[in-house]
Amino acid sequence: MPVLRPGSLRSRRLRFAAFLFSVLSLTLPLTAPAASAADTPARGSAYMGMGVPAHDGRHGSPMAMNGLFSGFFTSLAVQQTEGVDVSSHQGTVAWPSLWSSGVRWAYVKATEGTYYRNPYFNAQYNGSYNVGMIRGAYHFATPDTTAGSTQANYFVDHGGTWQRDGKTLPGVLDIEWNPYGAACYGKTQSGMVSWIRSFLNQYKARTGRDAVIYTATSWWTQCTGNYGGFGSVNPLWIARYASTPGPLPAGWSFYTMWQYTSSGPIVGDHDKFNGALDRVQALARG
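For the structure given in this document, a descriptive report is provided here. (Residues numbered from 1 in each chain as written. Predicted model: local features only at pLDDT ≥ 70, side-chain atom pairs only at ≥ 80, totals over all residues. Heavy atoms only, no water.)

## A short note on the overall build of the protein
In terms of regular secondary structure, the protein is built from nine helices and eleven strands. Among the 286 residues that make up the protein, the fraction classed as buried is 44%. Roughly 14,100 Å² of accessible area belongs to the protein as shown, and the carbon and sulfur atoms make up 57% of that amount. (Helix = DSSP H or I, 4+ residues; strand = E, 2+ residues; numbered from the N terminus. Buried < 20%, exposed > 50% of the residue type's maximum accessible area, 1.4 Å probe, protein only. Areas by Shrake-Rupley, 256 points an atom, 1.4 Å probe, with all protein chains shown as cover.)

Printed below as a string of structure tokens:
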């Protein structure tokens with residue numbers, strides 16, 4: 001049997017291996033590092049549909065029907081009316097261009113939690129109105145920060161009110177994945193339902209209208225247990241970037257609005273109202 005002597009080739013190899021291991025143990029983490037604070041968006045930066053691509057993906061766009069067969073198919077299907085939703089991310093919006101492209105209604109982010117107001121809200125809200133659009137406001141919910149009723153009051157006080165002028169749509173509760181932490185904001189399914197109910201009840205008490213609920217079916221299923229108790233009263237705005245809106249949350253047999261893309265023309269977020277323009281006007285009148 002060979003004897004291992006100091007300075008032999010085998011000894012040098014062992015010492016080098018030990019040195020290399022010690023260096024790697026100091027420089028390489030044993031587990032993947034946790035997401036840094038820099039990966040979390042700033043509070044107030046959330047917008048409608050922010051979590052849809054990451055959680056539900058993109059699966060195409062609604063089929064555009066044109067040419068010889070467009071009139072035929074339109075007569076068979078329920079007519080839909082094009083809309084958009086905007087936030088501070090869009091800044092100054094080219095409303096005349098959107099109107100010329102066929103957009104007839106719009107929603108503008110007014111508030112988030114009880115700590116953020118869209119600095120472009122007045123310009124966007126009035127700009128859409130001035131070109132002839134029917135418009136409304138939405139609130140990005142953060143159920144982990146304050147009570148539902150508290151956020152409803154904040155929303156109404158800062159742009160989310162309603163008036164029977166035929167041009168103002170009821171306010172929207174945007175309830176979706178938490179961009180700042182756990183998807184369901186740390187709430188149980190029953191706790192989330194209670195939070196939503198608190199917001200909706202207070203909004204109606206303040207405005208006389210039932211708020212629209214914007215959500216995605218997968219989030220609703222995960223975070224409310226697919227609760228079906230709001231469908232008979234609150235209009236549904238479904239989020240799904242695909243050729244169809246897909247299965248709806250429990251309690252709703254049809255959607256009122258559908259956000260179908262975040263990469264549309266002029267502004268990214270485009271929507272379809274499930275009906276002709278007179279149905280949009282009817283929702284505005286209450």
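## Regarding the pairing of strand 10 (residues 257–261)
Extensive coverage of strand 10 is indicated by the burial of five of its five residues. Bridge count for strand 8 (residues 236–239) against strand 10 is three bridges, and the pairing is parallel. Within strand 10, the position partnered with Trp237 by the bridge is Met257. Inspection of the sheet shows strand 10 paired to strand 11 (residues 270–273) by four bridges, in the antiparallel sense. Along strand 11, the bridge assignment pairs Trp258 with Lys272. (Pairing = 2+ DSSP bridges.)

## Thoughts on the state of the cysteines
Enumeration over the complete set of coordinates arrives at one disulfide. A disulfide bridge connects Cys184 with Cys223, and the sulfur atoms are separated by 1.9 Å. Measuring handedness by torsion sign, the sulfur bridge of Cys184 and Cys223 sits at about -75 degrees and is left-handed. Of this pair, Cys184 sits in the loop between strand 6 (172–174) and helix 7 (189–207) while Cys223 sits in helix 8 (residues 217–224), and the two are 39 residues apart along the sequence. For the residue pair Cys184 and Cys223, the accessibility class agrees, reading buried in each case. (Disulfide = S-S within 2.5 Å.)

## Examining the side chain of Thr261
With respect to the element layout, Thr261 can be found in strand 10. Side-chain polar atoms of Thr261 contact the backbone nitrogen of Ser263, separated by 3.0 Å. Not counting residues up to four positions away in its chain, the partners in contact with Thr261 are Tyr241, Gly268, Asp269 and His270. (Polar contact = N/O pair within 3.5 Å; in protein donor to acceptor, adjacent residues only side chain to side chain. Contact = heavy atoms within 4.5 Å.)

## Looking at the pattern of salt bridges
Per the counting criterion, the structure on display carries five salt bridges. Arg43 is paired through a salt bridge with Asp144; the nearest N and O atoms lie 3.6 Å apart. With a gap of 101 residues between them, Arg43 in the loop between helix 1 (9–27) and helix 2 (52–56) and Asp144 in the loop between strand 5 (134–140) and helix 6 (148–160) connect regions that are remote in the sequence. (Salt bridge = Lys/Arg side-chain N within 4 Å of Asp/Glu carboxyl O.)

## Focus: the nonpolar core
If you look at the biggest cluster of nonpolar residues, it comprises 65 residues, and the most contacted ones within it are Trp105, Tyr107, Ile175, Ile196 and Trp237. It is helix 7 that provides the largest number of residues to this core, a total of seven residues. (Core = buried A, V, L, I, M, F, W, Y, C linked by side-chain atoms within 4.5 Å.)

## A closer look at the environment of Gly225
Locating Gly225 in the fold gives a position in the loop between helix 8 and strand 8. For the pair Gly225 and Gln189, spaced 36 residues apart in sequence, the C-alpha to C-alpha distance is 5.7 Å. Sequence-distant contacts of Gly225, defined by excluding residues within four places in its chain, comprise Gln189 and Trp220.

## Regarding the pairing of strand 7 (residues 212–215)
In strand 7, alternate side chains face the same way, and those of Val212 and Tyr214 on one face and Ile213 and Thr215 on the other are all buried. Chirality of the crossover, the property in question, places the unit of strand 6, helix 7 and strand 7 among those that are right-handed. Bridge analysis of strand 7 against strand 8 gives three bridges, and the strand direction is parallel. Note on strand 8: the bridge partner recorded for Thr215 is Ile238. In this fold, the crossover linking strand 7 to strand 8 by way of helix 8 has right-handed handedness. (Right-handed = clockwise from strand over helix to strand, strands pointing away.)

## Considering the packing of helix 6 against helix 7
Relative orientation of the contacting elements helix 6 and helix 7 amounts to 40 degrees, with a least axis distance of 7 Å. Of the possible angle classes, the one that applies to helix 6 and helix 7 is oblique. Crossing angle aside, the handedness with which helix 6 passes helix 7 is right-handed. Contact residues: Gly148, Ser149, Gln151, Ala152, Asn153, Phe155, Val156, Asp157 and Gly160 in helix 6; Trp195, Ser198, Phe199, Gln202, Tyr203, Arg206 and Thr207 in helix 7. (Axes fitted to C-alpha atoms, helices over the stretch in contact; angles between N-to-C directions. Parallel < 35°, antiparallel > 145°, perpendicular 65-115°, else oblique. Left-handed = near helix turned anticlockwise from the far one by under 90°.)

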